[in-house]
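Fold and contact review
Okay, here's what each chain looks like letter by letter:
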Amino acid sequence: MVNIAIAHVRMGRGGSEARAVWGIQSLIHDHDVTLLTAGRVRPADLEELNDFYGTTLAPTDFRVLEAPLPPGMRTRQSCAALQGSFYQRFCRKMAPHFDVLVSVYNMCDFGIPAVHFVADFCWSSELRQQYDPMPREAQRLIHREGPLRRGYLALSRALQRPSGRNLFAGDDLLVMNSEWTAGVMRERYGVTGAPVVYPPVVAEFPAVPWERKEPGFVCIGRIEHEKRVETMIDILARVRALGHDIHLHVIGPISNTPYGRMIGRMCAEHSQWVFAEGRQAGQAKARLLTSHRFGIHARDREAFGISVAEMVKAGCIPFV
């Protein structure tokens, strides 16, 4: 059997994670599959991923190899660059043990040719600043431009010990998550002929007649600053002020971060028409989506936006 590694630095809830779990499920019947990650994937986590994405993976279906990280770093989101450095070194160390290497979240420096799915532009400071800049109020001290930031990134690069391979030279297969992403990569890096494979939305939603749907909105996804949930609430507050009796269901976990607490306060302030639903999956999420007429998505320059695809498949009309 062909020995295949699927690499994803951290299994959250997004389009690249959908590629990971459905890629694994599609391969396990004919191949040996291993997930390379820097996060945790325990049986309870796998059960949650199955519920969220509709897969039926069992712990015995594939192996999970976790990159060794210094104590306390695995759960610290503020250390993403350092986590990535240890993860890249781990992937390079493990790469010779596999016949096929597939990174489902951006380019991975395996040291040898591989398949790479381009998911967003977090790997390029230039593209990130142009297309997805982090607002200053959302930045931790280590994210702000200055000597501390430059020192932190220099330390991360030194720890990573990159192989020096040019992933754009043609030996690797780059796959894009949208035509827009492919256009940016073609313009900036000369990547031509790269196939586009959209993240999968495989859930089946029951058909609900329009007249039985509520005249309200849903939004789905991570409750983080770049998703601009506050902008969605402000927009719909203005719609209500024009006399339209609409409401909003905010689907996703609200974290105990400054941004999460702000969104929590806004939901409480508008509690008559804004409902914080927390994380929803499976039939519960399907009921919320199919019972409402509209969706809303406010992130600027979203490279794909799997939540919008979910809304469309569920029969919502999304405003983006």
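Residues numbered from 1 in each chain as written. Predicted model: local features only at pLDDT ≥ 70, side-chain atom pairs only at ≥ 80, totals over all residues. Heavy atoms only, no water.

All right, on to the overall build of the protein then. Each helix and strand in the protein was counted, giving ten helices and eleven strands. Computed over C-alpha atoms, the radius of gyration of the protein comes to 21 Å, within 12% of the 20 Å expected from 2.2 N^0.38 for 320 residues, which places it in the range of a compact globule. Dimensions of the protein along its principal axes, counting C-alpha atoms only, are 60 × 50 × 40 Å. Every one of the 320 residues in the protein was classed for burial, and the buried ones make up 47%. The contacts in the protein between residues at least 6 apart in sequence include a share of 70% that link residues at least 24 apart. Summed over all atoms, the accessible surface of the protein reaches about 16,200 Å², with 54% contributed by carbon and sulfur. If the 38 positive side-chain charges of the protein are averaged to one point and the 33 negative ones to another, these points end up 6 Å apart. (Helix = DSSP H or I, 4+ residues; strand = E, 2+ residues; numbered from the N terminus. Rg over C-alpha atoms; globule rule 2.2 N^0.38 Å. Buried < 20%, exposed > 50% of the residue type's maximum accessible area, 1.4 Å probe, protein only. Contact = heavy atoms within 4.5 Å. Areas by Shrake-Rupley, 256 points an atom, 1.4 Å probe, with all protein chains shown as cover. Lys, Arg positive; Asp, Glu negative; His and termini not counted. Charge placed at Lys NZ, Arg CZ, Asp CG, Glu CD.)

Attention now moves to the packing of aromatic side chains. Counted by the stated rule, this structure contains eleven aromatic pairs. Each ring, one from Y198 and one from F304, has its centre 5.6 Å from the other, and the planes form 35 degrees; the classification is tilted. Of this pair, Y198 sits in the loop between α6 (179–189) and β7 (214–220) while F304 sits in the loop between β10 (292–296) and α10 (306–314); the two residues are 106 residues apart in sequence, bridging distant segments of the chain. We classify F304 as partly exposed; its relative accessible area is 23%. The structure contains a cluster of three or more aromatic residues connected by ring pairs, namely F121, W123, F168, W180 and Y189. Residue placement shows K285 over the ring face of F52; its charged tip is 4.4 Å from the ring centre. (Phe/Tyr/Trp six-rings, centres within 6.5 Å; stacked < 30°, edge-to-face > 60°. Lys NZ or Arg CZ within 6 Å of the ring centre and 35° of its normal.)

Attention now moves to the confidence of the model for the protein. Averaged over all residues, the pLDDT of the protein is 89; the fraction at 70 or higher stands at 94%. When the elements of the protein are averaged for pLDDT, helix α5 (residues 147–160) gives the smallest value, 74, and strand β4 (residues 100–103) the largest, 98. (pLDDT = per-residue confidence, 0-100.)

Our next topic: the nonpolar core. Counting 24 residues, the largest nonpolar core has I6, M11, I24, L35, L57 and F62 as the members making the most contacts within it. At the level of secondary structure, the elements contributing two or more residues to this core comprise β1 (3–7), α1 (15–27), β2 (32–37) and α2 (43–53). The contacts of L57, once residues within four sequence positions are left out, are V21, I24, Q25, I28, L46, N50 and F62. L36, A67, Y87 and M94 belong to the second largest nonpolar core, which has 21 residues in total. (Core = buried A, V, L, I, M, F, W, Y, C linked by side-chain atoms within 4.5 Å.)

Turning to the sheet that holds β1, a few remarks are in order. Read across the open sheet, the six strands follow the order β3-β2-β1-β4-β5-β6; overall the sheet is parallel. Two strands lie at the open edges of the sheet, namely β3 (63–66) and β6 (173–176), each paired on one side alone. This sheet shows a mean twist of 20 degrees between the axes of neighbouring strands, independent of strand direction. (Pairing = 2+ DSSP bridges. Axes fitted to C-alpha atoms, helices over the stretch in contact; angles between N-to-C directions.)

The side chains of a regular strand alternate between both faces of the sheet. Of the two faces of strand β8 (residues 248–251), the one holding L248 and V250 and the one holding H249 and I251 are both buried throughout. Here β7 runs beside β8; their pairing, made up of four bridges, is parallel. In the strand pairing of β8, V218 is matched with H249. Handedness of the β8-helix α8 (residues 258–269)-strand β9 (residues 274–278) crossover: right-handed. (Right-handed = clockwise from strand over helix to strand, strands pointing away.)

A grouping of W210, I317 and F319 is seen on the molecular surface, where their side chains present a nonpolar patch of about 300 Å² in accessible area. Here F319 is to be found in strand β11 (residues 317–319). Judged by its relative accessible area of 45%, F319 falls in the partly exposed class. (Patch = residues over 30% accessible without salt bridge, like charges linked within 9 Å, V, L, I, M, F, W, Y side chains within 5 Å. Salt bridge = Lys/Arg side-chain N within 4 Å of Asp/Glu carboxyl O.)

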